[in-house]
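Understanding the architecture of this molecule
Take a look at the letters that make up each chain.
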Amino acid sequence: MKSTALPPFQSVFDEHAQALLTFLTGAVGSSEAEDCFQETMLSALRAYPRLGDASNLRGWLFTIARRKATDTHRARARRPVPVADPDPGAALDRYPDTDDGLWDQVRGLPVKQRKAVVLRFAGDRSYPEIAAAMSTTQDSARQSVHEGLKKLRRELR
Amino acid sequence: MTVDQAVTTRFLERAEAKGLLDVAVTTMDSPLGTLLLMATPKGLVRIAFESENREDVFDEVARQLSPRILEAPRRLDPVRRELDRYFAGTLRDFEVPIDWSLSGSFARKVLRRTARIPYGSVASYGEVAVGVGSPRGARAVGNALGSNPIPVVVPCHRVVLTGGAIGGYGGGLPRKRWLLALETGVPATSREGAPTG
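Bear in mind the structure is a predicted one, so any value in this text is a computation, not a measurement.

**Some thoughts on the interface of chain A and chain B**
Contacts between the two partners involve 18 residues from chain A, matched on the other side by 20 residues from chain B. When residues of the side of chain A that touches chain B are traced back to their parent elements, those giving at least two are α1 (9-28) and α2 (30-47) of chain A. The residue inventory of the side of chain A that touches chain B, partitioned by class, reads eleven nonpolar, four polar and three charged.

**Regarding helix α2 (residues 54-64) of chain B**
Residues and elements named next belong to chain B. The complete set of buried residues in α2 reads Phe58, Val61 and Ala62. Each buried residue of α2 lies within a common arc of 100 degrees when the element is viewed along its axis, so the set occupies one face. Buried positions along α2 lie against β1 (23-28), β2 (35-40), β3 (43-48) and β4 (69-71).

**Looking at the environment of arginine 120 of chain A**
Residues and elements named next belong to chain A. For arginine 120, the location among the structural elements is in helix α6 (residues 111-122). Classification of arginine 120 by C-beta neighbours within 10 Å gives buried; the count is 20. Sequence spacing of arginine 120 and isoleucine 130 is ten residues, and the spatial spacing of their C-alpha atoms is 7.1 Å. Sequence-distant contacts of arginine 120, defined by excluding residues within four places in its chain, comprise Arg125, Ile130 and Val145.

**Brief notes about unusual backbone geometry**
All names here are of chain B. The phi torsion at valine 152 lies on the positive side, around 75 degrees, for a residue other than glycine. The residue valine 152 is located in the loop between α6 (138-146) and β6 (159-160) in this model. A tally of 21 C-beta atoms within 10 Å means that valine 152 is categorised as buried.

**Quick word on the packing of helix α4 (residues 105-114) of chain B against α6 of chain B**
Residue and element names in this part refer to chain B. Two numbers describe how α4 lies on α6: the axes approach to 9 Å, and their chain directions differ by 85 degrees. On the basis of their axis angle, the class for α4 and α6 is roughly perpendicular. Residues Phe106, Ala107, Val110, Leu111 and Thr114 of α4 lie in contact with α6, whose contacting residues are Ala140, Val141, Ala144 and Leu145. Within the contact of α4 with α6, the residues separate by chemical class into eight nonpolar, one polar and no charged.

**So, the nonpolar core**
Leu24 of chain A together with Ala24 of chain B are the most contacted members of the largest nonpolar core, which has 68 residues in total. Tallying contributions element by element places α1 of chain A first for this core, with nine residues. Beyond its immediate sequence surroundings of up to four residues, alanine 24 of chain B is in contact with Met38, Ala39, Leu70, Ala72, Arg75 and Leu76 of chain B. Grouped together as the second largest cluster of nonpolar side chains are eleven residues, Val106, Leu109, Val117 and Val118 of chain A included.

**Some words on the packing of α6 of chain A against helix α8 (residues 138-156) of chain A**
Residues and elements named next belong to chain A. Between α6 and α8, the least distance of the axes is 8 Å, while the angle of their chain directions is 95 degrees. When the axes of α6 and α8 are compared, the pair comes out roughly perpendicular. Residues Lys112, Gln113, Arg114, Ala116, Val117 and Arg120 of α6 form the contact with α8, whose own contacting residues are Ala141, Ser144, Val145, Glu147, Gly148, Leu149 and Lys151. Broken down by class, the residue content of the contact of α6 with α8 amounts to five nonpolar, three polar and five charged.

What counts and how
Residues numbered from 1 in each chain as written. Chains lettered and ligands numbered in written order. Predicted model: local features only at pLDDT ≥ 70, side-chain atom pairs only at ≥ 80, totals over all residues. Contact = placed C-beta atoms within 7 Å. Helix = DSSP H or I, 4+ residues; strand = E, 2+ residues; numbered from the N terminus. Nonpolar A, V, L, I, M, F, W, Y, C, P; charged D, E, K, R; others polar. Buried ≥ 20, exposed ≤ 12 C-beta atoms within 10 Å, placed from the backbone. Arc of directions from axis to C-beta. Axes fitted to C-alpha atoms, helices over the stretch in contact; angles between N-to-C directions. Parallel < 35°, antiparallel > 145°, perpendicular 65-115°, else oblique. Core = buried A, V, L, I, M, F, W, Y, C linked by C-beta atoms within 7 Å.

Here it is in structure tokens:
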């Protein structure tokens, strides 16, 4: 007599979908939980006929879900940080609206310093974000901001 | 408890788009009781009456075709529409595509031959045997018809014993009688008390 066939995937879905979705909401947040859930279920469905042992379906599904959650975190880390606008020309009209002449001086800074100062103080970006936006290192971003401020201080004195 | 219907629907759509929905399944009410319907991307592959144990049917399909079986009623909409019209007496010939994968080569020959018996008429097991080139194979024909995976649509109810006795039926003789009465135009009132068990 042959061994019992795998249960229809529908019953796997019915039994575990809610628990997986709850787990993923905790793991990646509600806005990305469904995407992660769909990826998990599709991977499971794809691999299902080759699954030799159906005794721990729940453990198998959660292993896939954890992997998908890790992928989501990695993708999030790689995603470009939304910055004000890395093109300094386009960012010109987004300088803070003040009339003390400060931002006119900023416009006169060399390109790298200008970008860095605008991102740091007009865009309120962190150094890792500025570095990413300018395709440079954090040290170099810090350096550009520092030199830009030094120049401004000199000019405004 | 399961997830929101919209989540399930999106899952089915993506599974279908990725070619992972091997077997779609749904049920429908009929004068012969609830029918379990299954279709692959190729076509209708299985119909089961309530008299068949549902787990056994799933087991058979999971083993012989694929365990990627999902409740996806949409793929079976055309089948349901044709069956509704057939049971209402307004459809004589089914046109939905058939997937013969659950039948071996001899059974397939027998079932294809059976599908050509016109609506409202009958043939004997021996006649079908002759039709498939096995004039001494009436018994084998009976076995093949008894394991017809797609009753009603593949009309094994149109095969009877020589001399007019009704013969056997996988779904039980009351269903066979009901189907033959439907097709020979016996008024609906005489068909009441259709077997649903």
